[in-house]
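# Summary of structural features
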Amino acid sequence: MSTLITNIAELMTQDAEHRVLRDAAVVIEGERISWLGPAADAPAADERVDAGGRALLPGWVDSHTHLIFAGDRTAEFEARMAGQSYSAGGIAVTTGATRSTSDFDLTRLAMGRVAEAVSQGTTYLETKTGYGLDLENEARSARIASTVADEVTYLGAHLVPAGMDAEEYTELVCGPMLTAVRPYVRWADVFCEQGAFNEDQSRRVLLACKAAGLGLRVHGNQLGEGPGVRLAVEVGAASVDHVNYLSAADVDALAASWSGWDAAGGSGTPGSGQRGTVATCLPACDLSTRQPLAPGRELLDAGVQLALASNCNPGTSYTSSMAFCVTTAVLQMRLSVHEAVRAATYGGALALGRESGNDVDGERAVGSIAVGHRADLHLLNAPSATHLAYRPGIPLTHAVWRAGVAQPIR
């Protein structure tokens, strides 16, 4: 079954050449993109969709979420808006509610959050464990996450549970808990921050998970300057997320991690060569916690690869709206519309190691529109992506295809 989407006013490919096509068309065959180019040259297909002069983007790639949870933290949010500072300790509130919720209800809640994200244009997403914080509940969270998300990250090192010794808990995270979650996860993460895990504990967690074959991510430099960025680069983490407080040395370390990377690979294949550590900015979280926005402009100008993600979670960023993150990045972080959209699509794919792949290797790329890539598409109810920032707060998702399948829009 093939589908031709034609009469596209603006097609923002986010491919290696950063192409923006006008009066364009795309053909989907099965779950893949089989053709794109001028609408006048489009081949015949089994089905024809008239885009009506709208803009087409890659689907959002949300590379940082926490969807496996129960409970409510509205009171914490209200207190923060009244002037209280954010600290990592609120995670414990969600842990209690999550542990007491059944598998069925945790799955139902997570599926609802995924559906909400998809209806706003997100077509590929990661989610983490981290609200179980004991062996049984972390394994349960990982298993449930593997049924609802595209990528699953082990975050047993989210917070030391009340009443537990930090060193003993770190050993649990590095040992029996890691063994229990391993069948369900591809990534591991650690909250390297004051009030969570120190540099030594974070390094031990990351190295144990790396030895177990997991890719690495780091929560770092959210509440102040610290070792998170430096540690992420040291261990070869795919991303370091939050990055609100950066020294010049932190920026230099991130930039240096990309020095051997060729974005086009000499053959139009993104991501060739030695890849570095993506800096993932979480602007919705920054606003909710009243932290300074991550220095996305400075990072891009230094040559760092940037991602935008929602950080959807109950305490500090209860939104799955990637469009809101893009809008904020343009209006307040000084990114161009093209840079912000790229960070929310290709950048997220890069942070998840899914920026490349085609018909040859069977691991189709996401986050960009190119022949052979997964057909993850987001049609806006606007003639250009500029409207995402030009009309802030207006729901602009008109249609979504995820792996070639049209999705319901709420």
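For the structure, see preceding data.
Reference entry: report on the structure contained in this document. (Residues numbered from 1 in each chain as written. Predicted model: local features only at pLDDT ≥ 70, side-chain atom pairs only at ≥ 80, totals over all residues. Heavy atoms only, no water.)

## Structural notes on the overall build of the chain
Helix and strand content of the chain: 15 helices and 17 strands. Taken along its principal axes, the extent of the C-alpha atoms in the chain is 65 × 45 × 45 Å. Out of the 410 residues belonging to the chain, those deemed buried represent 59%. Put simply, of all contacts in the chain between residues at least 6 apart along the chain, 71% involve residues at least 24 apart. In the form shown here, the chain has an accessible surface area of approximately 14,900 Å², with 51% of it arising from carbon and sulfur atoms. Both charge centroids of the chain, one from 31 positive and one from 46 negative side chains, sit 3 Å from each other. (Helix = DSSP H or I, 4+ residues; strand = E, 2+ residues; numbered from the N terminus. Buried < 20%, exposed > 50% of the residue type's maximum accessible area, 1.4 Å probe, protein only. Contact = heavy atoms within 4.5 Å. Areas by Shrake-Rupley, 256 points an atom, 1.4 Å probe, with all protein chains shown as cover. Lys, Arg positive; Asp, Glu negative; His and termini not counted. Charge placed at Lys NZ, Arg CZ, Asp CG, Glu CD.)

## Things to note about the pattern of salt bridges
For the structure shown, the criterion picks out 22 salt bridges. Two residues, aspartate 105 and arginine 108, come together in a salt bridge whose shortest N-O distance is 3.4 Å. Here aspartate 105 pairs with arginine 108, and both are found in helix H3 (residues 103–118), just three residues apart, close to one helical turn. Take aspartate 105: its relative accessible area is 28%, and that puts it in the partly exposed class. Look at arginine 108 and you get partly exposed, because its relative accessible area is 44%. One salt bridge in this structure joins arginine 402 and aspartate 150, with 3.0 Å as the shortest N-O distance. With arginine 402 in strand S16 (residues 397–402) and aspartate 150 in the loop between helix H4 (135–148) and strand S7 (151–157), the pair connects residues that are 252 residues apart, well separated along the chain. A relative accessible area of 18% places arginine 402 in the buried class. Overall, the relative accessible area of 27% leaves aspartate 150 in the partly exposed class. Counted as one network, the salt bridges with shared partners bring together Glu167, Glu171, Asp200 and Arg204. (Salt bridge = Lys/Arg side-chain N within 4 Å of Asp/Glu carboxyl O.)

## Description of helix H13 (residues 337–344)
With six of eight residues buried, H13 is to be regarded as a mostly interior element. When we look at burial in H13, the residues that qualify are Val337, Ala340, Val341, Arg342, Ala343 and Ala344.

## Quick look at the layout of surface pockets
Over the atoms, a rolling probe the size of a water molecule traces out where space has been left empty. In this structure, the largest pocket occupies an estimated 360 Å³ of space. Looking at the largest pocket, it is lined by 20 residues, and the ones nearest its centre are Ser321, Ala323, Ile394, Pro395 and Leu396. Sorting the residues of the lining of the largest pocket by element identifies helix H12 (322–332) and strand S15 (377–380) as the ones contributing at least two each. Take the lining of the largest pocket: its biggest share by element is four residues, from H12. Considered class by class, the residues forming the lining of the largest pocket number 10 nonpolar, seven polar and three charged. (1 Å grid on protein atoms, 1.4 Å probe; cavity = no way out; pocket = protein on both sides within 12 Å on 5 of 7 lines; lining within 4 Å. Points joined across faces, edges and corners; volume = space filled by probe spheres on them. Nonpolar A, V, L, I, M, F, W, Y, C, P; charged D, E, K, R; others polar.)

## Digging into the sheet that holds strand S10 (residues 239–242)
Across the sheet, eight strands lie side by side as S5-S6-S7-S8-S9-S10-S13-S14; this open sheet has parallel pairing. Edge positions in the sheet fall to strand S5 (60–62) and strand S14 (306–308), since each has one partner strand and no second. Across the sheet, the mean angle from the axis of one strand to that of its neighbour is 25 degrees, orientation sign disregarded. Bridging between strand S13 (residues 278–281) and S14 involves three bridges; their strand directions are parallel. Within the sheet, the bridge partner assigned to threonine 280 lies in S14 and is alanine 307. In the packing of helix H7 (residues 199–211) onto the sheet, contacts are made with S7, strand S8 (187–192) and strand S9 (215–220), and the angle to S8 comes to roughly 180 degrees. (Pairing = 2+ DSSP bridges. Axes fitted to C-alpha atoms, helices over the stretch in contact; angles between N-to-C directions.)

## Observations regarding the environment of lysine 210
The topology assignment puts lysine 210 in helix H7. For the pair lysine 210 and alanine 70, spaced 140 residues apart in the sequence, the C-alpha separation amounts to 29 Å. When sequence neighbours within four positions are dropped, the list of residues in contact with lysine 210 reads Leu216 and Val235.

## A short note on unusual backbone geometry
Even without being a glycine, glutamine 14 presents a positive backbone phi close to 55 degrees. Tracing the backbone through its elements, the reader meets glutamine 14 in the loop between strand S1 (2–12) and strand S2 (20–29). Note on glutamine 14: relative accessible area 0%, which makes it buried. If you check the backbone angles, alanine 403 has positive phi at about 50 degrees while not being a glycine. Topologically, alanine 403 is positioned in the loop between S16 and strand S17 (405–406).

## Comments concerning the nonpolar core
Among the nonpolar cores identified, the biggest contains 92 residues, and Tyr154, Val243, Leu299, Val341 and Leu388 are the most heavily contacted of them. Not counting chain neighbours up to four residues away, the residues in contact with tyrosine 154 comprise Thr129, Glu138, Val173, Met177, Leu178, Val181, Val185, Trp187, Ala188, Asp189 and Cys209. Among the nonpolar cores identified, the runner-up in size contains 17 residues, and Ile5, Leu21, Ala51 and Ala375 belong to it. (Core = buried A, V, L, I, M, F, W, Y, C linked by side-chain atoms within 4.5 Å.)

## Details of the sheet that holds S1
Taken in spatial order, the seven strands of this open sheet run S3-S2-S1-S4-S15-S16-S17, and their pairing is mixed. Each of the sheet's edge strands pairs with one partner strand only, and the pair in question is strand S3 (32–38) and S17. Note: S15 against S16, four bridges, orientation antiparallel. In the strand pairing of S16, leucine 379 is matched with alanine 399.

## Details of H7
Taking 1.5 Å per residue as the helical rise, H7 with its 13 residues ought to reach 18 Å, and the 18 Å between its terminal C-alpha atoms agrees with that figure. When H7 is considered as a whole, its buried residues turn out to be Gln201, Ser202, Val205, Leu206, Ala208 and Cys209. The buried residues of H7 all sit within an arc of 165 degrees when viewed along its axis, so they share a single face. Where H7 is buried, its residues contact S7, helix H5 (166–174), helix H6 (176–181), S8, S9 and helix H8 (228–235). With a side-chain oxygen lying 3.2 Å from the backbone nitrogen of aspartate 200, the N-terminal cap of H7 falls on asparagine 198. Backbone geometry just downstream of H7 places glycine 213 in the positive-phi region, at approximately 95 degrees. (Expected span 1.5 Å × (residues − 1). Arc of directions from axis to C-beta. Polar contact = N/O pair within 3.5 Å; in protein donor to acceptor, adjacent residues only side chain to side chain.)

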